[in-house]
Amino acid sequence: MGVRPPSSGDDDEPESIEFGIAAVDAHLRTADLSFPATTDDVAAELGHEQIPYDVHGNDVALGAMLDEVDTAEFRSRQELLNALHEPFEEYRRNNSGGVFQQMRSMLPF
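Remember, it's a predicted structure, so these values are computed and weren't measured experimentally.

A. How the structure looks around the overall build of the protein. Within the protein, the secondary structure is distributed over five helices and six strands. Of the regular secondary structure in the protein, the N- to C-terminal order runs β-β-α-β-α-β-β-α-β-α-α. Residues classed as buried in the protein amount to 29% of the 109 residues present. Sequence separation of at least 24 residues holds for 49% of the intrachain contacts in the protein that already meet a minimum separation of 6. Accessible surface, the protein as shown: approximately 6,900 Å² in total, 47% of it carbon and sulfur.

B. Summary view of the confidence of the model for the protein. In the predicted model, the protein carries a mean pLDDT of 82, and 73% of its residues have values of at least 70. The secondary-structure element of the protein with the lowest mean pLDDT is strand E1 (residues 2–3), recorded at 51, while strand E6 (residues 73–74) shows the highest, at 95.

C. Here's a closer look at helix H2 (residues 39–46). Residues Thr39, Val42 and Leu46 constitute the buried set of H2. For H2, the angular spread of the buried residues around the axis is 65 degrees, confining them to a single face. Seen from the buried face of H2, the exposed residues on the opposite side, beyond 90 degrees, are Asp40 and Ala44. Against the buried residues of H2 lie helix H1 (21–30), strand E3 (37–38), helix H3 (62–66), E6 and helix H4 (77–94).

D. Region of the structure containing the environment of Ala83. On the secondary structure map, Ala83 appears in helix H4. It is 8.8 Å that separates the C-alpha atoms of Ala83 and Leu66, two residues lying 17 residues apart in sequence. When residues no more than four places from it in sequence are discounted, the contact partners of Ala83 are Val69 and Phe74.

Each value, and the rule that gives it
- Residues numbered from 1 in each chain as written.
- Predicted model: local features only at pLDDT ≥ 70, side-chain atom pairs only at ≥ 80, totals over all residues.
- Heavy atoms only, no water.
- Helix = DSSP H or I, 4+ residues; strand = E, 2+ residues; numbered from the N terminus.
- Buried < 20%, exposed > 50% of the residue type's maximum accessible area, 1.4 Å probe, protein only.
- Contact = heavy atoms within 4.5 Å.
- Areas by Shrake-Rupley, 256 points an atom, 1.4 Å probe, with all protein chains shown as cover.
- pLDDT = per-residue confidence, 0-100.
- Arc of directions from axis to C-beta.

Have a look at this one:
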């Protein structure tokens, strides 16, 4: 998941904001973690990392999201990301700040 921030009117191309599993993927690409990996391996390497779960930058510890995953071992990075997708979506839905905040996040300004 990622979203481009609103334009400030200048000619510079804005950077995208990574959140959810896209942000996890960015951390995984720089981590010293090889697969297959257990949940404990991932937690030891990245469990302390605060991962944004929405476009507003609200975050949650990756360790908390790993606690919601039933799988004990991941054969690949993609398998880990797939397992984390639903916990992140559920967390975002439950902690997004209500309907007003959801509608506001869809507006281009």
